[in-house]
Amino acid sequence: MSKIGRNDPCHCNSGLKYKKCCMGKSTQERPKYNRDNIHILKAIVEGLLSDIQKKQKYVESLCKNTISEKEWESLLIWANEIYKESNEYSSQSHNWKFAIENEDINNIIALINSLKNHSDNLISSIKKIKPIGGSLVDQDSLKIYEALYNIIDKLKSTAPWKWMYDTELIVIDHPNGNKYYGSILGNLGEFYACHFHIDNEGINAFNELASSSIYPEDKLLSIKSHLFMSQKLIGVSYESKKEISVKDEDVFKALGRKYKGNFGYPVVRIHEPGYQPRIPDIDDMHLLTCLIEKLIDIAEKHKESINKNEKSVYEKGKWLGTQGKFVGKDIQWKSKNFKMWEPKIEAYKKIEINHVKLELIRRQNFVKDGSWELDGRYIPAVINEDPRPYFGQLILIIDDEGMIISSPGISRPNQLKNVMGELLLDTIIKQKTIPDEIHVRHWSDRVHLYQISDALGIDIYQTPEFEYLDDAMEECIQFMRKNC
């Protein structure tokens, strides 16, 4: 056998160059064959193959212009993800084959190759369909995309994260009625992004995430996962190629742009509490262009003041910003410093209180005793229900003896506070007890439950650590992920 060169394809058929794959590795370092792993992988691939074949029949049954652009895009993204997944399985199975020849391995490789071919064919079939609403990137939209990605490229070359921290916000008071709190991420060099947290709900979620370092280390991961899914923002992050979608690729191609590197691909997304990030529509893209333009301008002026050794406005308890107003169709901007946002009860929509139940409790001679822990947490598993898949929220109430005293509540996005309030009233009626105090983790929960606590004389405390609830919540979420 001739010697394999550094840049030749690797003999393990991974598709990588020899220098980036098996070069310098001994046989013992390669993955070892495991029959159980093969059976698990086979079951997964067979399931995906069945799904792909069903989708192929569905796509072939479609006529031109009989599918919405949203469904078309979802189909394409799904097929593309399966194709990427099949490539990963292919690499894994070839490593096993190189370790030991076995009929099971040959069968799984044949299945994976079939999955790759079917998913590739499905992608081609989907792309032949023109969805209702026109092509993904039409000529009218192209100018808006061009302006956005020009300013996104400028943001990266300006690199304001070199002199600004993520908590040094830039406030853009837009005449559309919303305030956008711009956060520049990247000062530590681990992640580069620019996020605009939208209005009161967005900045409150950001503040809770920024202060999550106060939470105990052993609880930090699960709490941060919840807080990440609570964000309300529009922004851009600079990612690796694996993070971009088919639509992103189509936009880059239409604009003639080529990106590369771990932090090279701009990913534009809108994050809404309880939902997976989505690609903004054209109006959102136009808005984001304006926001980034103003942020760059303000950040560069701040850099000038730093170079002049002037006292930072952030040291004075304020945020840099600008305020706009419409003059005809144009927007006129003026510089303005904003007081650092302090939560106010008036900033939140009141929850829907069942006043019949509340009055029933007030008329009863219920015992008032004990301390309850109350919290809601996103379950990191998507519930695929119309009109849009979402992350459900689990709600628990635990007494001061560590007992779950309510039936676990499940809430849709934007309904957590209402469901939490209803569950609290039901639990009081069931237990025939009004707690002396309730402990919640989030400031917003304390605010939203104010009507109930004020009417019943309950003290509500915000706490970074629960005595019992975190462990109970973790066990419930793990159980639901395994069985739902």
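For the structure itself, look to the data block above.
Owing to the predicted nature of the structure, the values given are computational and were not obtained by experimental measurement.

A. Spotlight on the overall build of the protein chain. Scanning the protein chain from terminus to terminus reveals 13 helices and 15 strands. Within the protein chain, the fraction of its 484 residues that count as buried is 46%. Looking at the protein chain as shown, the accessible area adds up to about 26500 Å², and 48% of this sits on carbon and sulfur atoms.

B. The arrangement of the environment of His195 in detail. In this structure, His195 sits in strand β3 (residues 192-198). Remark: the alpha-carbon pair of His195 and Val268, spanning 73 residues in sequence, is separated by 9.8 Å. Apart from residues no more than four positions distant in its own chain, His195 is found in contact with Tyr181, Gly182, Ser183, Leu185, Leu233, Ile234, Gly235 and Val236.

C. Just helix α7 (residues 246-255), in detail. Looking only at α7, the buried set comprises Val246, Lys247, Asp248, Val251, Phe252 and Leu255. Capping the start of α7 is the job of one residue whose side-chain oxygen sits 3.3 Å from the backbone nitrogen of Lys247: Ser245. Directly beyond the C-terminal end of α7, a positive phi value near 70° is found at Gly256.

D. Examining the nonpolar core more closely. Among the nonpolar cores identified, the biggest contains 50 residues, and Tyr149, Ile152, Phe196 and Ile292 are the most heavily contacted of them. With nine residues, helix α8 (residues 282-307) is the largest single contributor of residues to this core. The contacts of Ile292, once residues within four sequence positions are left out, are Ile151, Ile152, Leu155, Phe196 and Val236. Counting residues in each nonpolar core, the second largest holds 24 residues, with Ile361, Trp372, Ile405 and Ile452 among its members.

Analysis parameters
All chains use their own residue numbering, which begins from 1 and follows the written sequence. Given that the model is predicted, a residue must reach a pLDDT of at least 70 before its local features are reported, and side-chain atom pairs must reach 80 or more before they are shown or counted; all residues, however, enter totals for whole chains, interfaces and linings. For side-chain calculations, the full set of non-hydrogen atoms in the structure is used, while hydrogens and water are omitted. Segments assigned H or I by DSSP are reported as helices when at least four residues long, segments assigned E as strands when at least two residues long, and all are numbered from the N terminus. Burial classes: relative accessible area under 20% of the type maximum marks a residue as buried, over 50% as exposed, and values in between as partly exposed (1.4 Å probe, protein chains only). Per-residue accessibility takes into account occlusion by the displayed protein chains alone, with areas from the Shrake-Rupley method and a 1.4 Å probe. By the convention used here, residues are in contact when the closest approach between their heavy atoms is within 4.5 Å. For this analysis, a polar contact is any N or O atom pair within 3.5 Å, provided that within protein one partner can donate a hydrogen and the other can accept it, and provided that sequence-adjacent residues contribute only side-chain to side-chain pairs. We call a set of buried Ala, Val, Leu, Ile, Met, Phe, Trp, Tyr and Cys residues a nonpolar core when their side-chain atoms join them within 4.5 Å.

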